[in-house]
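These are the residues of each chain, in order.
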Amino acid sequence: MSRNTSTPKIAAALAATLFGLTACTTAEATPTPRAADTPRPGAAGLGDRLHPGLGNGGYDVRHYGLDLRFANDLKHYTATSTVRAHASQALSRFNLDLTGTTVREVTVNGRKARWSRSGEELRVTPAAVLRRGQRFTVRVRVQAPVLDAQHVSKLDAGGAVGLFRYGSWIQDLNQPSGAHRIAALADHPAQKAPATISITAPSRLNSVANGELTATRRDGAYTTRRFESRQKLATELLQIGVGPFTVVHRNGPHGIKLRYALPKDQARAIEPQLDRTVPKAIRFLEGHLGTGSFPLRTYGVYATPVGGSLETQSLATLAIDELTPEAFANNGTDAIVEHEISHEYFGNSVSPRRWSDAWLNEGHAVYYERLWGHDATNLEDSVRESYRAANAQLRKEGPIAAPRLSAFKHRAMAPYGWTTYEGGALTLYALRQKVGEADFQRIERAWVREHRDGVAGTADFIRLVGRVTGRDLGPFLRSWLYAEKVPAMPGHADWRS
Ligand SMILES: [Zn+2]
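Residues numbered from 1 in each chain as written. Predicted model: local features only at pLDDT ≥ 70, side-chain atom pairs only at ≥ 80, totals over all residues. Heavy atoms only, no water.

## Let's talk about the pattern of salt bridges
The condition is simple: By definition, a salt bridge exists where a carboxyl oxygen of Asp or Glu is found within 4 Å of a side-chain nitrogen of Lys or Arg. Every helix listed is a DSSP run of H or I at least four residues long, and every strand listed is a run of E at least two residues long, numbered separately from the N terminus. Summary of the burial criterion: residues with accessible area below 20% of their type's maximum are buried, those above 50% are exposed, and those between are partly exposed, where the area comes from a 1.4 Å probe applied to protein chains only.
Overall, the coordinates contain 16 salt bridges when judged by the stated rule. Among the salt bridges present, the one from Glu-212 reaches Arg-230, with a minimum N-O distance of 3.1 Å. One end of the pair, Glu-212, is in strand S15 (residues 212-219); the other, Arg-230, is in strand S16 (residues 222-233), with 18 residues separating them in the sequence. Among the residues examined, Arg-230 registers a relative accessible area of 62% and is labelled exposed. A salt bridge links Arg-226 to Glu-228, with the nearest nitrogen and oxygen atoms 3.7 Å apart. Its relative accessible area of 27% is what places Glu-228 among the partly exposed residues. Put simply, Glu-212, Arg-230 and Lys-257 are held in one network by salt bridges that share partners.

Put into structure tokens, the structure is as follows:
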């Protein structure tokens, strides 16, 4: 997500909506091999230090299916999530993340399962115990109203927003934890998996989701479109769009398929800016990170009337207001576009192991956004500006790779603060100063290549830096990432904070 691009509409809605995360269940210790054969409940969360209840223990997700059906007036929906998984221990029961919504049916391997709810957890007890190593499929059907964006503030929301309606448009905004307001899922990026998303909506409207459109079926007043995401998809990056838009297609660099979902009446006015910026930004990033390194075969933009900018995988969410020729000329929209595209490497392809690792998403996105927008002199000025603010911000929010939950007014929005964005970018700049341009590029290229379509965290990054450079830079990086006082900037001993 971009730091300063939420339109007032959604910013106000978010501010009014988010109250803080309540359901926090600690993870159980990983069972020993023998204990893993004795059926026990799976852990309620992955033990994320900021969001301990997100994700679920006892199984690995292999595939997500999400089937969404919207009522003709768009005011209600049914969501069926089908999670194919692999038990990593013998399971007497296991959890999915879910909040709000009404549960209609839960099955495991096609048989009805007992279920109960506790906080933001759905506990599922299968009719038969699951053996360690067993593959299983859990299907959960829920129903819920679609939130009206105008009344989002009335919600007792404990997480990010989820799915909402704005006139005849539907959009979701999940980062970091809104997806389990929509359907029952393992709502943590460490449990990402390939996904199939089906959207059934009134035929008068169009629909889009992550991945590639693989089937369209019209059945009277309703049309179903199915989208396949072969790359693993974190639930925070789910894209669901329904509205009066048209989808235009383009050929991007070396065969990357581009698509833009644009409001019918403004498509012609928006296309030239995207045609000019998107292929150029992909080439720019490949120039730094390796020719042919872009992690996807398809990329695009979903233009929304509501606002916000979010790196929803393979189909970024950008506000219509930010896509006009005027916005590109005056608001620096091309940098926002570039920021969201860089997330396809940092955050989407290489996903954070825990939410405290999100500086690796946002720090990189801000770093490449700066490189894109500035020449060398301006870049240095802009980093120095950020360095000056660092100590005050670190005191407030805590270390870059270990932000304090209590520092966030809306705890559900942790770790999205200054340190994750600017602190992360400062650390990367400091590393480049320390190792030089050539080694820095080798680090960056190795990072996105070795962890492509994977999950990696701060410790993985520190190890990789050591291996690529042949130097022990652990103490240097940890002094940047785990301290509340900013270290001296290599090469700029005169900089003060
Ligand atoms: Zn971002």
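Following the structure, the description resumes.
## Considerations on the sheet that holds strand S7 (residues 114-118)
Test applied: Strand pairing is defined by DSSP finding a minimum of two bridges between the two strands.
As summarised here, the arrangement of the four strands in space is S1-S4-S8-S7, forming an open sheet in which the pairing is mixed. Of all the strands in the sheet, just strand S1 (40-41) and S7 have a single pairing partner and so form its edges. Where S7 and strand S8 (residues 121-125) come together, five bridges link them in antiparallel fashion. Across the sheet, the residue bridging to Arg-114 is Thr-125, located in S8.

## Some details on the packing of aromatic side chains
Two aromatic rings, taken as a pair, are described by how far apart their centres are and by the angle between their planes. For the record, the criterion: Pairing of aromatic side chains here covers Phe, Tyr and the six-membered ring of Trp, requires ring centres within 6.5 Å, and sorts the geometry by plane angle: under 30 degrees stacked, over 60 edge-to-face, intermediate tilted.
Tallying each qualifying case throughout the model produces 21 aromatic pairs. When the centroid spacing of 5.7 Å and the interplanar angle of 90° are considered together, the rings of Trp-359 and Phe-461 count as edge-to-face. Taken as a pair, Trp-359 in helix H5 (residues 359-373) and Phe-461 in helix H9 (residues 458-469) lie far apart in primary sequence, 102 residues in all. Of the two residues, Trp-359 and Phe-461, both sit in the buried class. Counting every residue linked through ring pairs, the aromatic cluster contains Phe-294, Tyr-299, Tyr-345, Phe-346, Tyr-367, Tyr-368 and Phe-440.

## Structural notes on helix H6 (residues 376-397)
A turn of α-helix holds 3.6 residues, and therefore any two residues three or four places apart point the same way. Applied cut-off: An expected span of 1.5 Å times one less than the residue number is assigned to each helix. What the bend at a residue measures is the angle between two axes, fitted to the seven residues ending there and to the seven starting there. Contacts are assigned to residue pairs with any non-hydrogen atoms lying within 4.5 Å of each other.
With 22 residues, H6 ought to run about 32 Å at 1.5 Å a step, and its terminal C-alpha atoms sit 29 Å apart, in line with that. The largest bend along H6 reaches roughly 45° and is located at Ala-390. Every buried residue belonging to H6 is among Leu-379, Ser-382, Val-383, Ser-386, Tyr-387, Ala-390, Asn-391, Gln-393, Leu-394 and Glu-397, and all of these are buried. On its buried side, H6 packs onto H5, helix H7 (418-435) and helix H10 (474-481).

## Focus: the sheet that holds strand S20 (residues 298-304)
Sheets are built from strands that pair by backbone hydrogen bonding, the pairs being arranged parallel or antiparallel. To keep things clear, this is the line we draw: Fitted lines through C-alpha atoms give the axes, limited to the stretch in contact for helices. The angle between two N-to-C directions lies from 0 to 180 degrees.
With respect to topology, four strands assemble into an open sheet ordered S18-S19-S20-S21, the strand pairing being mixed. In the strand order of this sheet, the two ends are held by strand S18 (245-251) and strand S21 (316-319), each with one partner. Averaged over neighbouring strand pairs, the angle between their axes works out to 20° when direction is ignored. Alignment of S20 against S21, held across four bridges, turns out to be parallel.

## Some points on a positive patch on the surface
Going by this rule: Here, patches come from residues exposed beyond 30% relative accessible area and free of salt bridges, joined within 9 Å for like charges and within 5 Å for nonpolar side chains (Val, Leu, Ile, Met, Phe, Trp, Tyr). Only the protein chains shown count as cover for residues, with accessible areas throughout obtained via the Shrake-Rupley method and a probe of 1.4 Å. Neither His nor the chain termini are counted; the positive set is Lys and Arg, and the negative set is Asp and Glu. Throughout, a charge is located at the NZ atom of Lys, the CZ atom of Arg, the CG atom of Asp or the CD atom of Glu.
Residues Arg-62, Arg-84, Arg-135 and Lys-232 make up a contiguous surface patch of positive charge. Note on placement: Lys-232 falls in strand S16.

## Things to note about helix H8 (residues 437-450)
Relative to the 20 Å expected for 14 residues at 1.5 Å per residue, H8 spans 20 Å between its end C-alpha atoms, a close match to the ideal helical length. Taken as a whole, H8 has its buried residues at Asp-439, Phe-440, Ile-443, Glu-444, Ala-446, Trp-447 and Val-448. On the buried face of H8, the contacting elements are helix H2 (267-289), strand S22 (350-352), H5, H7, strand S23 (454-456) and H9.

## Quick word on the nonpolar core
For the record, the criterion: For the purposes of this section, nonpolar cores are sets of buried Ala, Val, Leu, Ile, Met, Phe, Trp, Tyr and Cys residues that join through side-chain atoms within 4.5 Å.
With 75 residues, the main nonpolar core has Val-278, Ile-341, Leu-431, Trp-447, Phe-461 and Met-489 as its most contacted residues. Residue contributions to this core peak at eight residues, all from H2. If we skip the residues at most four places from it in the chain, Met-489 touches Val-383, Tyr-387, Leu-426, Tyr-429, Ala-430, Gln-433, Trp-480 and Trp-495. In this structure, Leu-98, Val-106, Val-108 and Leu-163 belong to the second largest nonpolar core, which totals 51 residues.

## Looking at a negative patch on the surface
Residues Asp-375, Glu-380, Asp-381 and Asp-494 make up a contiguous surface patch of negative charge. With respect to the helices and strands, the residue Asp-494 is situated in the segment after H10.

## What about the domain arrangement of the chain?
Here is the rule we go by: Here the limits of each domain have been adopted from an automatic or database domain assignment. The term buried area denotes the loss of accessible surface (1.4 Å probe radius) that occurs when two parts are joined, taken as the sum for both partners.
Segmentation of the chain into domains returns domain 1 (8-243) and domain 2 (350-481). Once you take the C-alpha centre of each, domain 1 and domain 2 turn out to be 29 Å apart. Taken residue by residue, the interface counts 25 residues in domain 1 and 20 residues in domain 2. Interface area, domain 1 with domain 2, both sides summed: about 1900 Å², of which 58% is carbon and sulfur. Where domain 1 touches domain 2, the interface holds zero salt bridges.

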